[in-house]
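Chain residues, written in single-letter form:
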Amino acid sequence: MKLSVDSEKCIGCGRCEEICPSVFHIDEELALSKIIDNEGCEYVGCCEAAAENCPVEAIYYEP
Ligand code: SF4
């Protein structure tokens with residue numbers, strides 16, 4: 001699985017963390033999403049949902 005967040009695009013809205021908290025965490029100081037566990041959603045499919053729901057398409061996900 002390939003997963004990354006484009007820090008140039010991310011606006012720190014927190015939606016990815018709401019959807020997939022085992023993988024994404026918002027750095028409050030930087031107001032950016034960070035990936036804390038690259039494999040954390042492998043069996044639940046939440047990374048895909050987070051990518052689909054990112055308002056600025058900052059999440060790159062490839063199974
Ligand atoms: S949903 Fe997208 S814009 Fe919002 S914090 Fe996550 S990566 Fe950033």
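Once a new chain begins, its residue numbering starts again from 1 and follows that chain's sequence as written. The model is predicted, so local features are restricted to residues of pLDDT at least 70 and side-chain atom pairs to those at 80 or more, both for listing and for counting; the totals for chains, interfaces and linings are taken over all residues.

**Details of the overall build of the protein chain**
Within the protein chain, the secondary structure is distributed over 2 helices and 4 strands. Counting helices and strands in the order they occur from the N terminus, the protein chain gives β-α-β-β-α-β. Each principal axis of the C-alpha distribution contributes one length, and for the protein chain these read about 30 × 20 × 15 Å. Counting every position in the protein chain, which comprises 63 residues, the buried fraction comes to 22%. Look at the contacts in the protein chain between residues 6 or more apart in sequence, and 55% of them connect residues 24 or more apart. What counts as a helix is a DSSP run of H or I of at least four residues, what counts as a strand is a run of E of at least two, and both are numbered from the N terminus. In this scheme the burial state of a residue depends on its C-beta neighbours within 10 Å: 20 or more other such atoms mean buried, 12 or fewer mean exposed, and anything in between means partly exposed; the C-beta positions come from the backbone. Contact definition: two residues whose C-beta atoms, as placed from backbone geometry, lie within 7 Å.

**What to know about unusual backbone geometry**
Located in the positive-phi region is A31, a residue other than glycine, with phi close to 55°. With a phi angle near 55°, E57 is a residue other than glycine that sits in the positive phi range.

**Notes on the nonpolar core**
A general trend in soluble globular proteins is that nonpolar side chains are found buried together. Membership of the largest hydrophobic core comes to 13 residues, with the highest contact counts inside it found for C16, C20, C47, A50 and I59. Put simply, the parts of the chain that give this core at least two residues each are β1 (2-5) and α2 (46-53). In contact with C47, not counting residues within four places along its chain, are L3, C20, V23, C41 and Y61. Remark: nonpolar core denotes a set of buried Ala, Val, Leu, Ile, Met, Phe, Trp, Tyr and Cys residues whose joining runs through C-beta atoms within 7 Å.

**Describing the pairing of strand β3 (residues 32-35)**
Strands are labelled as partners when DSSP assigns at least two bridges between them. Judged from the 4 bridges that link them, strand β2 (residues 24-27) and β3 form a sheet pairing that is antiparallel. What sits directly across from F24, in β3, is I35.

**A closer look at the site of the ligand**
Here, nearness means that the C-beta atom of a residue, built from backbone geometry, sits within 6 Å of the molecule or strand in question. For the ligand, the set of nearby residues contains 15 residues, the closest of which are C10, C13, C16, S33 and C54. The residue inventory of the shell around the ligand, partitioned by class, reads 11 nonpolar, 3 polar and 1 charged. The nonpolar class holds Ala, Val, Leu, Ile, Met, Phe, Trp, Tyr, Cys and Pro. Asp, Glu, Lys and Arg form the charged class, and all remaining residues, Gly among them, are polar.

**Quick notes on the environment of E62**
Following the sequence through the fold, E62 ends up in strand β4 (residues 59-62). Taking the C-beta count within 10 Å as the criterion, E62 has 10 such neighbours and is therefore assigned exposed. Taking C-alpha positions, E62 is 4.9 Å from K2, a pair spaced 60 residues apart along the chain.

**Focus on the environment of I11**
Note on placement: I11 falls in the loop between β1 and α1 (15-19). As a C-alpha pair, I11 and P55 span 44 residues in sequence and 8.8 Å in three-dimensional space.

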